[in-house]
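Descriptive analysis of the structure
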Amino acid sequence: MPPSRHLTLTPLSPARSHPGGRAAMTCHYKCGDACSQPLANESDNDYFGDVVAASISRRTVLRAGAAGAALVGLVGSGAGADRAAAAAPAATAVDPVATGAGAAHPGGRLWPMGFRGIDPVPSSTDRLVVPKGWTWRPVIRWGDPLFDDAPEFDAGRQSATAQSRQFGYNNDYTVLIPRRRNKATLVCNHEYTNDEFMFPGIEENSDLSDEQLRTILAAHGMSVVELRRRGPGHPWSYVRGGRRNRRITSSTPFRFTGPAAGSPLLRTSADPTGRVALGTLNNCAGGLTPWGTVLSGEENVEYFRGDTVSPTAANAKRLKRYGLTSKGRGWDRVESRFDISKEPNEPHRFNWVVEIDPDDPDSTPRKHTALGRVKHEGANVVVDPDGRVVVYTGDDSKFEYLYKFVSARRFDRGSSEHARRHNMRLLEAGDLYVARFTGDGAADGVHDGTGRWLPLTKDGRSMVPGMSIEEVLVFTREAADTVGATKMDRPEDVEWNPHNNKVYMACTNNSDRKPGQIDEANPRAANKHGQVVEFGPTNGHHASTEFVWDLVLVCGDPKDPATYYAGFDKSKVTPISCPDNVTFDSRGNLWIATDGQPGSLKHCDGLFMMPLEGPERGHLVQFLSVPVGAETCGPVVSFDERTVMVAIQHPGEVDGATFATPASRFPYDGGFRGPRPSVVQVFRR
């Protein structure tokens, strides 16, 4: 492949690698070169790694008698391998057929559809690999028309108008909402774009025309689309012109709710009321509410141009705390609001949890300020026995925090329109908390402990000294620093498991954690593999302020003594690295999607399944592998469990790939010669 050239956000230091397992291209587009920027969290709060490392070390001592062996493994499992994990090799195109190998797995007993796990797939493989006896098919692809009057996808004739009527780019969180036995609604996030894959001849932001920049903005946001199938066991197809079909883009009006709505901190020249924002951007994960709406987390905001702001400006410290220091992506050329020096409050209008009504394409989506402003990976809802609604959300950056929101009002379990209207206001008022983790000592020989939820707001008041409630909600990271929350290794998806009432948090990785920063819950320095934290309220009520936790999965090569698979025999499990999104099937098994294995294990990313109960707890097996350069997003185990859906995001995202020289041709349909991010379905033949 030719030498790598990328759209410039901020200069990348040639001496610095991308130790999180990503291509440099991914860092540019997804998180604004966060690897090359100073850490945003400079507080002296405790590290979750300090809590966990001692625990894993103790476990090794107690079970194996090898004093210090686990700690040595934890500290040594990242840095050297990170330097070796440079750009992935050039992709080798192969036929998109289903294959099957891998170790036997009790899927037939623990999941109704059952499957035989696949082996890890080398990271250069341009292929979607699924278990033997299964096959796959796209549900919908980037550029597919959602409406009868929308044009067919034509890579050579793209426009902002066309893209706003077509399925967006880089699909991420995906939810399948059943309507009838053979009808459903699909809702999907569109996190970011790969500009040099969308258009020919693009090497820098300055190469993009104004219309191309507007098209890129239109490719962000969310899509709502109706699906149908002939019957159970048959594949789903999307319905062009479906009644619920909708595109939400960077220009869709959103209404602010909650205590910060109307705050001077949210006011701009275009919106002097501070109550109506334009668009949603960089949406990552999300959740389905019990009242039928969809939540979506606005994550990275590095598309704003922040290099024009003086380091001595009054807001410079707060901008840095959110990573807003880059040169942006050129969007300020077509919309001045993306230049912070011209609109200093515009960044405050993003990084929220948004809520949309997938049943009403004419409804106004909302941004809920009561849930705080951080780089939300997603948001997921639990209804407590007393009717209060609890929302869990992670701030997806190195050394950031885990949060929860507890509603002031109670959930109405009725099915009337009045009940639904009531429930759609539940996230407008309530209390916001951040988590502090504590290890429980060596007596039990396991890596676990207790935790406490620290209040940031309560009963409509700030609980943080020196900050108003509006400041707490707009500058939530700063508030969490102040109260002493525990720093985590990139807390991403946080999901409640209805089968055991526990919550599972994927911590993807943290290559910047030093040996002196490890703790019982973040157990490794130079942590390139990540872990999954299992936690739950001590009294069974999620609104309570105390919880217990343990590490159910410490990722990596099972041969590494630092790894842990819930106590299961590691000779019988598959390797896994960089957990990102999680979900559950009807029996409570944990499904894990990964983002970063090409750099950490030299494997393509994939989807994995792990039982959480009984003698098979920890028996991890791989279900599928995505093409070269792609990330596994979603995922969805369908309501009838006959289909597994994943969003294949940024296929071919390999340094040096371009529109003319793609690294992947996914989904291999013989049309556009480059990659098209797509939602796919995997089902039995």
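Details of the structure are given in the entry above.
The rules behind each value
- Residues numbered from 1 in each chain as written.
- Predicted model: local features only at pLDDT ≥ 70, side-chain atom pairs only at ≥ 80, totals over all residues.
- Heavy atoms only, no water.
- Pairing = 2+ DSSP bridges.
- Helix = DSSP H or I, 4+ residues; strand = E, 2+ residues; numbered from the N terminus.
- Axes fitted to C-alpha atoms, helices over the stretch in contact; angles between N-to-C directions.
- Buried < 20%, exposed > 50% of the residue type's maximum accessible area, 1.4 Å probe, protein only.
- Core = buried A, V, L, I, M, F, W, Y, C linked by side-chain atoms within 4.5 Å.
- Contact = heavy atoms within 4.5 Å.

**Regarding the sheet that holds strand 11 (residues 283–288)**
- Across the sheet, 6 strands lie side by side as 10-9-14-13-12-11; this open sheet has mixed pairing. If you trace the sheet from one side to the other, it starts and ends with strand 10 (276–278) and strand 11, each paired once. Between one strand axis and the next, the sheet turns through 30 degrees on average, direction left out of account.

**Considering the pairing of strand 9 (residues 253–257)**
- Pairing geometry for strand 9 and strand 10, over 3 bridges, is antiparallel. Within strand 10, the residue paired with phenylalanine 254 across the bridge is alanine 277.
- Of the pairings in the sheet, the one linking strand 9 to strand 14 (residues 366–368) comprises 3 bridges and is parallel in character. Bridge pairing in strand 14 places phenylalanine 256 opposite lysine 367.

**Regarding the pairing of strand 19 (residues 430–439)**
- For strand 19, the tally of buried residues reaches 7 of 10 residues, placing the bulk of the element in the interior.
- Relative to strand 20 (residues 448–458), strand 19 runs antiparallel, the two being bridged by 8 bridges. Looking at the pairing, phenylalanine 437 lines up with glycine 451 of strand 20.

**Remarks on unusual backbone geometry**
- The step from phenylalanine 666 to proline 667 runs through a cis peptide bond, and the omega angle for that step is 10 degrees.
- At lysine 602, a position not held by glycine, the phi torsion is positive, near 65 degrees.
- Inspection of the secondary structure assignment puts lysine 602 in the loop between helix 13 (597–600) and strand 29 (606–610).

**A short note on the nonpolar core**
- Of all hydrophobic cores here, the largest spans 38 residues; its most connected members are Trp291, Val389, Val391, Leu427, Val434 and Leu456.
- In terms of residue count, helix 11 (residues 469–474) provides more of this core than any other element does, 4 residues in total.
- The contact partners of valine 389, leaving out residues within four places of it in the chain, are Trp291, Val381, Val382, Val383, Phe405, Val406, Ser407, Phe411, Leu426 and Leu427.
- Within the second largest apolar cluster, 35 residues are counted, among which are Leu217, Leu281, Val654 and Ala657.

**Things to note about helix 8 (residues 210–218)**
- Looking only at helix 8, the buried set comprises Gln212, Leu213, Thr215, Ile216, Leu217 and Ala218.
- Taken together, the buried residues of helix 8 touch helix 6 (160–163), helix 7 (195–198) and strand 8 (246–248).

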